[in-house]
Amino acid sequence: MIQHRFENSIYDVPTLQGATFLMDNNSQLEYIWKAAARSAMATGQFDTARKIYEILKKPDVLGDKEFNETDGALSFFLDEHEKQFNEEMEIRKQEQEATENKLPRVKLKTTQGDVEVELYINQAPSAVSHFIKLVESGFYDGLDFQLVIQDMLALTGDPNGDGLGTSGQFLKDEHQREGARHGLRGSLLMAKIPKDESGNFLPDSASSQFTILLLPLVSASEKQTVFGRVTKGMNAISRLRRVDPTKKKEKGEIVQPPDSIIEATVLWRPETLPEPVYVDPKE
């Protein structure tokens, strides 16, 4: 079970409980330890994550296993992850207590199951309004998850299917607004046009494509607008078929079609939405 969850980037409380049980019974399987550490990070158990990573970093614990890029980054930014997680939990608590600020919700019916998301209309009003309008127009129906990278993200919303498709409108960035949300597991980010290979993006270039994070990304709120989060069905996102157009295909390899959004529907929205703030990319 833990191996299946590890291979499908399912990092949650049950994964953490199962993995730590096996660790307590002297399991030396590397994926068990990494599943526990990543699940601890995703669920806010940072003291547990610290203890596991401290052990994993010792070269004589699990043999000569490489401390890979995913866990290296998570452990390196652990303090910042903890800070962002606590800030995010405080915002969620405040919004739950303020019942009059009910958040919009959208259901994504995917080929792996139903997914529900809530949208941060208070912190990203422009992105949320734009997204809801696209959903209501049927824009996302039938679109593929054209990029799904293990332990990183799932990307969809491209009508062309080649990574270059847009809605024809481009949003003003909102990640610099006061109270901007952070990128945790299950967060929705407005995808932007890459500027270079260093992870930088062209300003104000978000349109229709959006990313769902499979693991926390500490730099997300510094570069992209976080406009919502998955509240139900995150395991369906984790099960999405991995797709990487840049990966070289092996001879004779059978390429399976990507998963897709069958239909997107609005479950609840305020009667009046804020006006999206668009920019002209030519200016």
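Further up the page is the structure itself.
Residues numbered from 1 in each chain as written. Predicted model: local features only at pLDDT ≥ 70, side-chain atom pairs only at ≥ 80, totals over all residues. Heavy atoms only, no water.

Draft legend 1. Looking closely at the packing of aromatic side chains. This structure, assessed with the given rule, holds 9 aromatic pairs. Judged by centre distance (5.0 Å) and plane angle (85 degrees), the rings of Phe-76 and Phe-77 are edge-to-face. For Phe-77, a relative accessible area of 36% corresponds to the partly exposed category. Here the aromatic cluster, defined as three or more aromatic residues joined through ring pairs, consists of Phe-131, Phe-139, Tyr-140, Phe-210 and Phe-227. (Phe/Tyr/Trp six-rings, centres within 6.5 Å; stacked < 30°, edge-to-face > 60°. Buried < 20%, exposed > 50% of the residue type's maximum accessible area, 1.4 Å probe, protein only.)

Draft legend 2. Region of interest: helix α3 (residues 30-43). An ideal rise of 1.5 Å per residue puts 20 Å on 14 residues; α3 measures up with 20 Å between its terminal C-alpha atoms. All of the buried residues along α3 are Ile-32, Trp-33, Lys-34, Ala-35, Ala-36, Ala-37, Arg-38, Ser-39, Ala-40, Met-41 and Ala-42. Just downstream of α3 lies Gly-44, where phi reads positive at about 85 degrees. (Helix = DSSP H or I, 4+ residues; strand = E, 2+ residues; numbered from the N terminus. Expected span 1.5 Å × (residues − 1).)

Draft legend 3. Molecular detail of the nonpolar core. Counting residues in hydrophobic clusters, the biggest one holds 44 residues, and the most contacted among them are Leu-119, Phe-131, Tyr-140, Phe-210, Phe-227 and Ile-237. When residues of this core are assigned to their parent elements, the largest contribution, 6 residues, is made by helix α7 (residues 125-136). Filtering out sequence-adjacent residues up to four positions away, Tyr-140 remains in contact with Phe-131, Leu-134, Val-135, Gly-157, Ser-208, Phe-210, Ile-261 and Ala-264. (Core = buried A, V, L, I, M, F, W, Y, C linked by side-chain atoms within 4.5 Å. Contact = heavy atoms within 4.5 Å.)

Draft legend 4. Examining the sheet that holds strand β1 (residues 105-110) more closely. The 8 strands lie next to each other as β3-β4-β7-β6-β8-β2-β1-β9, forming an open sheet whose pairing is antiparallel. In this open sheet, the two strands that pair with only one neighbour each are β3 (147-149) and β9 (261-268). On average, adjacent strands in this sheet sit at an angle of 25 degrees to one another, irrespective of strand direction. Direction of pairing for strand β6 (residues 187-190) relative to strand β7 (residues 210-213): antiparallel, over a ladder of 3 bridges. Bridge pairing links Met-190 to Phe-210 in β7. (Pairing = 2+ DSSP bridges. Axes fitted to C-alpha atoms, helices over the stretch in contact; angles between N-to-C directions.)

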